[in-house]
Amino acid sequence: MTSERIDALGLQLIETHSHLRDALDRLRSGTLPPDELALHCVAFCAAVSAHHGGEDVTVFPALESRHPELREVLAGLRHDHEMVAELLRKAAALAGDLDAPGTLAELDGLAAILSSHFAWEERRLVAALNAIESPEVAAAVALPE
């Protein structure tokens, strides 16, 4: 792993979050063709779930072992992940009918929670992530391909 790669790990988290924010904005904007909405919704939900799963299993334990002072923050982020998982299940269930009443409200709620979650995670973890030299952690921060 090169020094550039190591230094960019926290920035990669921000980039991943930005990609997820953009994908959710496209869903909420109504600019996607109707026949693509359900596919994009399901793909978005899967991407967020995989990202959070990687953090819970790989990133957070690595940070806890190196930065015990982050334990409470990481516990809070894990709690957020559980709450977001429930919202993602609801969004995926709505993916078959994104024009149904309440769907936009669900997506707006998900966007608000994810925006707050991502911002808090970035504020608290970027510096600690930039100090980690681990290909496994780097892979878990990125979106799955």
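Remember, predicted model here, so these are calculated numbers, not experimental data. (Residues numbered from 1 in each chain as written. Predicted model: local features only at pLDDT ≥ 70, side-chain atom pairs only at ≥ 80, totals over all residues. Heavy atoms only, no water.)

## Points about the overall build of the chain
Then, in step 1: Looking only at helices and strands, one finds six helices and zero strands in the chain.
Then, in step 2: Counting from the amino terminus, helix and strand elements in the chain follow one another as α-α-α-α-α-α.
Then, in step 3: Among the 145 residues that make up the chain, the fraction classed as buried is 41%.
Then, in step 4: Taking all contacts inside the chain whose residues are at least 6 apart in sequence as the whole, residues at least 24 apart take part in 81%.
Then, in step 5: Of the roughly 7600 Å² of accessible surface on the chain, a fraction of 56% belongs to carbon and sulfur atoms. (Helix = DSSP H or I, 4+ residues; strand = E, 2+ residues; numbered from the N terminus. Buried < 20%, exposed > 50% of the residue type's maximum accessible area, 1.4 Å probe, protein only. Contact = heavy atoms within 4.5 Å. Areas by Shrake-Rupley, 256 points an atom, 1.4 Å probe, with all protein chains shown as cover.)

## Observations concerning the environment of Leu87
Then, in step 1: Locating Leu87 in the fold gives a position in helix α4 (residues 71-94).
Then, in step 2: Separated by 26 residues in the primary sequence, Leu87 and Ile113 have C-alpha atoms spaced 9.4 Å apart.
Then, in step 3: In contact with Leu87, not counting residues within four places along its chain, are Glu106, Leu110 and Ile113.

## Comments concerning the side chain of His117
Then, in step 1: Here His117 lies in helix α5 (residues 103-130).
Then, in step 2: When its relative accessible area of 1% is taken as the criterion, His117 is described as buried.
Then, in step 3: Ignoring sequence-local partners within four residues, the contact set of His117 consists of His52, Leu77, Asp80 and His81.

## Observations concerning the pattern of salt bridges
Then, in step 1: A complete count under the given rule lists five salt bridges for this structure.
Then, in step 2: Of the charged contacts, one joins Asp108 and Arg28 as a salt bridge, the two residues approaching to 2.8 Å between their closest N and O atoms. Placement of the pair is Asp108 in helix α5 and Arg28 in helix α2 (residues 9-29), with a sequence separation of 80 residues.
Then, in step 3: Across the salt bridge formed by Arg78 and Glu64, the nearest N and O atoms sit 3.0 Å from each other. One end of the pair, Arg78, is in helix α4; the other, Glu64, is in helix α3 (residues 34-66), with 14 residues separating them in the sequence.
Then, in step 4: A single network of salt bridges, built from pairs that share partners, joins Asp25, Arg28 and Asp108. (Salt bridge = Lys/Arg side-chain N within 4 Å of Asp/Glu carboxyl O.)

## Looking at the packing of α4 against α5
Then, in step 1: α5 packs onto α4 with a crossing angle of 155° between their chain directions and a minimal axis gap of 10 Å. The orientation of α4 with respect to α5, classified from their angle, is roughly antiparallel. For the element pair α4 and α5, the recorded crossing hand is left-handed.
Then, in step 2: Counted by class, the contact of α4 with α5 contains 15 nonpolar, four polar and five charged residues. (Axes fitted to C-alpha atoms, helices over the stretch in contact; angles between N-to-C directions. Parallel < 35°, antiparallel > 145°, perpendicular 65-115°, else oblique. Left-handed = near helix turned anticlockwise from the far one by under 90°. Nonpolar A, V, L, I, M, F, W, Y, C, P; charged D, E, K, R; others polar.)

## Overview of the confidence of the model for the chain
Then, in step 1: Here the chain shows a mean pLDDT of 83. Residues at 70 or above account for 90%.
Then, in step 2: When mean pLDDT is compared element by element in the chain, α4 scores highest at 90, while helix α1 (residues 3-7) scores lowest at 45.
Then, in step 3: The low-confidence segment residues 1-7 (pLDDT under 50) makes 12 contacts with residues lying over four places distant or belonging to another chain. (pLDDT = per-residue confidence, 0-100.)

## So, the packing of α2 against α5
Then, in step 1: Relative to each other, α2 and α5 sit at 170°, their axes nearing to 9 Å. In terms of orientation, α2 and α5 fall into the roughly antiparallel class.
Then, in step 2: Residue composition of the contact of α2 with α5, by class: 16 nonpolar, four polar and five charged.

## Re the environment of Arg28
Then, in step 1: With relative accessibility at 30%, the residue Arg28 sits in the partly exposed group.
Then, in step 2: Taking the C-alpha atoms as reference, Arg28 lies 8.9 Å from Ala111; in sequence the two are 83 residues apart.
Then, in step 3: Excluding anything up to four places from it in sequence, Arg28 contacts Leu104, Leu107, Asp108 and Ala111.

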